[in-house]
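# Summary of structural features
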Amino acid sequence: MANWQCVKQCGACCNLDPNDRPDLDEYLAPEELELYLSMVGEDGWCINFDHTTRECRIYPNRPRFCRVESEIFQDMYGIEPEELNDFAIDCCRQQIEGVYGDRSLEMLRFDKAIGI
């Protein structure tokens, strides 16, 4: 069974281009949406993503919508805690594929890390 985990120096989730996420207002509160949009750089990447180290500069203080935690996913998406693992894996795989491609090093690293 695959177990979700974040893969360091991937950063696919830091590609915040709102054009790729037209339903943001359906799961972000107005103040969260405003914060989200303020974090999007001209290139569509989060302004807090360091492209050199491929890490988040504010990771310990990142917003709620950047966290993969059962309470947050239940509140934002209606995902029950027992469904979080599969949901998070699907979300990550979709995002990695969209940003880097389905045969990218990032996808291979993610699949290996989660046990696929």
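Our subject is the structure that appears above.
Presented here is a report on the structure given in the accompanying data block.

Cut-offs used in this document
- Residues numbered from 1 in each chain as written.
- Predicted model: local features only at pLDDT ≥ 70, side-chain atom pairs only at ≥ 80, totals over all residues.
- Heavy atoms only, no water.
- Helix = DSSP H or I, 4+ residues; strand = E, 2+ residues; numbered from the N terminus.
- Rg over C-alpha atoms; globule rule 2.2 N^0.38 Å.
- Buried < 20%, exposed > 50% of the residue type's maximum accessible area, 1.4 Å probe, protein only.
- Core = buried A, V, L, I, M, F, W, Y, C linked by side-chain atoms within 4.5 Å.
- Contact = heavy atoms within 4.5 Å.
- Arc of directions from axis to C-beta.

Scanning the chain from N- to C-terminus turns up five helices and two strands. Relative to a compact globule of 116 residues, whose C-alpha radius of gyration would be 13 Å, the chain shows 14 Å and is just as compact. Each of the three principal axes of the chain carries a C-alpha extent, and together these read 35 × 35 × 25 Å. Looking at the 116 residues of the chain, the share that counts as buried comes to 38%.

Now for the nonpolar core. With 18 residues, the main nonpolar core has L16, L28, Y36, C46, F65 and M76 as its most contacted residues. Looking at this core, the elements that each hand over two or more residues are α1 (24-27), α3 (70-77) and α4 (84-100). The element best represented in this core is α3, accounting for three residues. In this structure, M76 is in contact with Y27, L28, R64 and F65, ignoring residues within four places of it in sequence. Formed by nine residues, the second largest nonpolar core is a distinct cluster that contains A2, C10, M107 and I114.

Looking only at α3, the buried set comprises I72, F73 and M76. One side of α3 carries all its buried residues, which in axial view fall inside an arc of 95 degrees. Across α3 from its buried face, at more than 90 degrees, point the exposed residues E71 and D75. Those residues of α3 that are buried lie in contact with α1 and α4. Looking at the residues trailing α3, positive phi occurs at G78, about 75 degrees.

Further remarks concern the side chain of N85. Summarising the element assignment, N85 is placed in helix α4. You can call N85 buried: its relative accessible area is 19%. With sequence-adjacent residues up to four places away left out, N85 is seen in contact with M1, A2, N3 and W4.

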